[in-house]
Every structure is written in structure tokens, then in C-alpha cells.
Amino acid sequence: MQLRRALGLLPLALLLLAWQIAVELKVYPPVLLAPPAKVLAVFVDDLPTLLDHALSSLARVTVGIGCSFVVAVPLGLLIGRYEILDMLTDWSIQIFRSVPPISLIPLAILLLGIGDKPAISLIFLSGLWPLLINTIFGVRGIERTLIKVARAARAGEFLVMKDIVLPAALPAIFTGLRLAVGAGWLTVVTAEMLAVKSGLGYMILNGQLTFRSDLIIAGIIVIGGIGLLADQLVRLVRARVCRWQEGLTASPI
């Protein structure tokens, strides 16, 4: 496990080396490509500002993805369980999930104005579809034998959903949650560049307007770091909740 984590740092180390070489060779002027030392200084000199923007973005993603989870998981369980609901919603899901949330930014601003509302709404939509689709497929992947045994034991529909359908679909739900978190971060940065006056996206845009490439790169690093931590947190929770799956799959969860 330790070797695996160390190998995961190798591409990052190579990228850092290439960055430093590009600075030394003056491939771009320092005003366009800040050296690593100058970017590191941002985490010292501008730390309060950086933290404020990071917390603003984190709050929006947490609320948006949280709302997506509350809506998508129960809806996905029902659609996956009942064929009539699948028939009614399949075309609508395929149409709306093909629309990039970023393309809805102008409409969100017109309807909801400038501020947190349009950003959170777009994050909600970006997280809704991966969670919903993965939940549906998680339910459809359940062995029919389990349902038949439950029916033979005269278990009610509520017990079937609670004790069989939901636990069996949990691995797929957590996979959808990982995808939703990534999509949420992608959306929040773009939305903050256009519809919000705070957050990492706003900070990056402001850095571009003021020719502060160090601020831009620092913002990108923070986004990547928070994304990594969020993904690791989801994986940790999944490993604990889906402990029964250990040893049944070809790769670690």
C-alpha cells in the first residue's frame, strides 16, 4: 500500500520537474509562468484570501452534491426497481444528462441572478446524473435470486428495498458519488468565474485579469488537492460501508 501511494506521487514529481525546467529555460516570461517558489509564497502571503475562497467553493460543492445525493439515490432506487418508472423517465434522463451544466450558466443567471443560487443549482445538476444513473444500474445488477428468496419468505416491498436493494446497490452509488464530486468541482469553478464574486474560480479569473499567474496556479493546486481529499474520503466511507464486498471483486474498493 505504501509503495502504491509513493508511485502515485511520481507523475506529480515529474510534472513539478518539467515546470521548473520550463521556468529555467524561460519558455514563457515569469509573468505568464510563475516559478514554483513564487507559487509557494502565495500559500504564505495570501493564505487568508486563499482559505476564504476555498471555503466558499467547498461550501457550494457540499450543498450542491448533498442535494443531488438526497434526490438522485431514492429516485434511482425506484427507477431501477420498477420498470414502469424506467419507461417513463429513460428518454428524459438521456436528454437532460447530455446537456452540460456549464451551458446552462446564462439561463441560471437570468432566472436566479448573481450569487450562490445559480452556482449551487448547476452543481446540483452536474452531480445529479452520475448519481442517478449509477444508482439505477446498481439496482439492475442485483441477482434475481435474492429477490425471489425474499418474496418466498413473504418479505414486504419495504423490507426488500431496505435489506436487499439498497445494500446491493451501495457500491454503484458510491461510484456515482465519486463521479458527482468531480463533476461538482468542475462546475463550481466555471460558475464562480461568471456568476459569483467569491470562490476559487473567481480567484483564478481575478488572477488572470491582474496577470498573477502565481495566484492562478495556486488556485489550481488547491482545487486538485481538495478534489483528491474528497475522493479519498468517499473511498474511505465506501470501504467501511461496503466491507462485505471485500474479497469479492477483482480490485480493491
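Everything below is about the structure shown above.
Remember, it's a predicted structure, so these values are computed and weren't measured experimentally.

Chemist: Which residues make up the overall build of the protein chain, and what values go with them?
Modeler: In terms of regular secondary structure, the protein chain is built from 10 helices and zero strands. Ordered by position from N to C terminus, the α and β elements of the protein chain give α-α-α-α-α-α-α-α-α-α. Considered along the principal axes of its C-alpha atoms, the protein chain spans approximately 70 × 50 × 30 Å. The burial tally for the protein chain puts 37% of its 253 residues in the buried class. The contacts in the protein chain between residues at least 6 apart in sequence include a share of 73% that link residues at least 24 apart.

Chemist: For the side chain of S57, give the residues involved together with the corresponding values.
Modeler: Mapped onto the elements of the fold, S57 is located in helix α3 (residues 47–81). Under the relative-accessibility criterion, S57 is labelled buried at 0%. A distance of 2.8 Å separates the side chain of S57 from the backbone nitrogen of L200, its partner in a polar contact.

Chemist: Describe the packing of helix α2 (residues 36–45) against helix α10 (residues 213–241), naming the residues involved and giving the relevant values.
Modeler: It is the contact of α2 with α10, at a shortest axis distance of 9 Å, that shows an interaxial angle of 70°. It follows from the interaxial angle that α2 and α10 lie roughly perpendicular. Residues K38, V39, V42 and F43 of α2 pack against D214, L215, I217, A218, I221 and V222 of α10. Of the residues assigned to the contact of α2 with α10, the class counts are eight nonpolar, no polar and two charged.

Chemist: Summarise the pattern of salt bridges; cite the residues concerned and give the values.
Modeler: This structure, assessed with the given rule, holds six salt bridges. Two residues, R212 and D46, come together in a salt bridge whose shortest N-O distance is 3.1 Å. Of this pair, R212 sits in the loop between α9 (200–209) and α10 while D46 is found in the loop between α2 and α3, placing the two residues 166 residues apart along the sequence. Taking the shortest distance from any N to any O, the salt bridge between D116 and R60 comes out at 2.6 Å. In this pair, D116 is assigned in helix α6 (residues 116–140) and R60 in helix α3, connecting sequence segments 56 residues apart. R60 gets classed as buried once you look at its relative accessible area, which sits at 5%. Overlapping salt bridges bring together D46, R212 and D214 as one network.

Chemist: An account of unusual backbone geometry is requested, with residue identities and associated values reported.
Modeler: What is expected of a backbone is that most residues other than glycine have negative phi and most peptide bonds are trans. The phi angle at K26 is positive, at roughly 55°, despite the residue not being glycine. Mapping K26 onto the fold places it in the loop between α1 (2–24) and α2. Accessibility expressed as a relative area gives 69% for K26, which makes it exposed. The phi dihedral of F211 is positive, around 55°, even though this residue is not glycine. The residue F211 is located in the loop between α9 and α10 in this model.

Chemist: Would you mind going over α6 in detail, with residue names and values included?
Modeler: With 25 residues, α6 should cover 36 Å at 1.5 Å per step; its first-to-last C-alpha distance of 36 Å lies within 8% of that length. The largest bend in α6 amounts to roughly 25° and is located at L128, with the proline P130 lying one to four residues further along.

Chemist: Which residues make up α9, and what values do they have?
Modeler: What α9 keeps buried is the set L200, G201, M203, I204 and G207. Taken around the axis of α9, the buried residues stretch over an arc of 160°, which confines them to a single face. Of the surrounding elements, those touching the buried residues of α9 are α3, α8 (157–194) and α10. Trailing α9 by a residue or two, F211 shows a phi angle of about 55°, which is positive.

Chemist: Could you give an account of the nonpolar core, with specific residues and numbers?
Modeler: Counting 51 residues, the largest nonpolar core has V165, W185 and L200 as its most contacted members. Elements with a contribution of two residues or more to this core: α1, α2, α3, α6, α8, α9 and α10. Every residue in contact with L200, bar those within four places of it in the chain, is listed here: L50, H53, A54, S57, W185, E192, V222, I223 and I226. Judged by nonpolar contacts, the second largest core, of seven residues, contains A108, L122, A191 and A195.

Chemist: Could you give me a rundown of a nonpolar patch on the surface, with the residues and numbers involved?
Modeler: Taken together, the side chains of L7, L10, L14, L17, I21, L25, V27, Y28, V31, L32 and F211 present a nonpolar region at the surface, about 1,100 Å² in accessible area. Considering the arrangement of structural elements, one finds L25 in the loop between α1 and α2.

Reading the values: rules and limits
Residues numbered from 1 in each chain as written. Predicted model: local features only at pLDDT ≥ 70, side-chain atom pairs only at ≥ 80, totals over all residues. Heavy atoms only, no water. Helix = DSSP H or I, 4+ residues; strand = E, 2+ residues; numbered from the N terminus. Buried < 20%, exposed > 50% of the residue type's maximum accessible area, 1.4 Å probe, protein only. Contact = heavy atoms within 4.5 Å. Polar contact = N/O pair within 3.5 Å; in protein donor to acceptor, adjacent residues only side chain to side chain. Axes fitted to C-alpha atoms, helices over the stretch in contact; angles between N-to-C directions. Parallel < 35°, antiparallel > 145°, perpendicular 65-115°, else oblique. Nonpolar A, V, L, I, M, F, W, Y, C, P; charged D, E, K, R; others polar. Salt bridge = Lys/Arg side-chain N within 4 Å of Asp/Glu carboxyl O. Expected span 1.5 Å × (residues − 1). Bend = angle between axes of the 7 residues up to and from the residue. Arc of directions from axis to C-beta. Core = buried A, V, L, I, M, F, W, Y, C linked by side-chain atoms within 4.5 Å. Patch = residues over 30% accessible without salt bridge, like charges linked within 9 Å, V, L, I, M, F, W, Y side chains within 5 Å. Areas by Shrake-Rupley, 256 points an atom, 1.4 Å probe, with all protein chains shown as cover.

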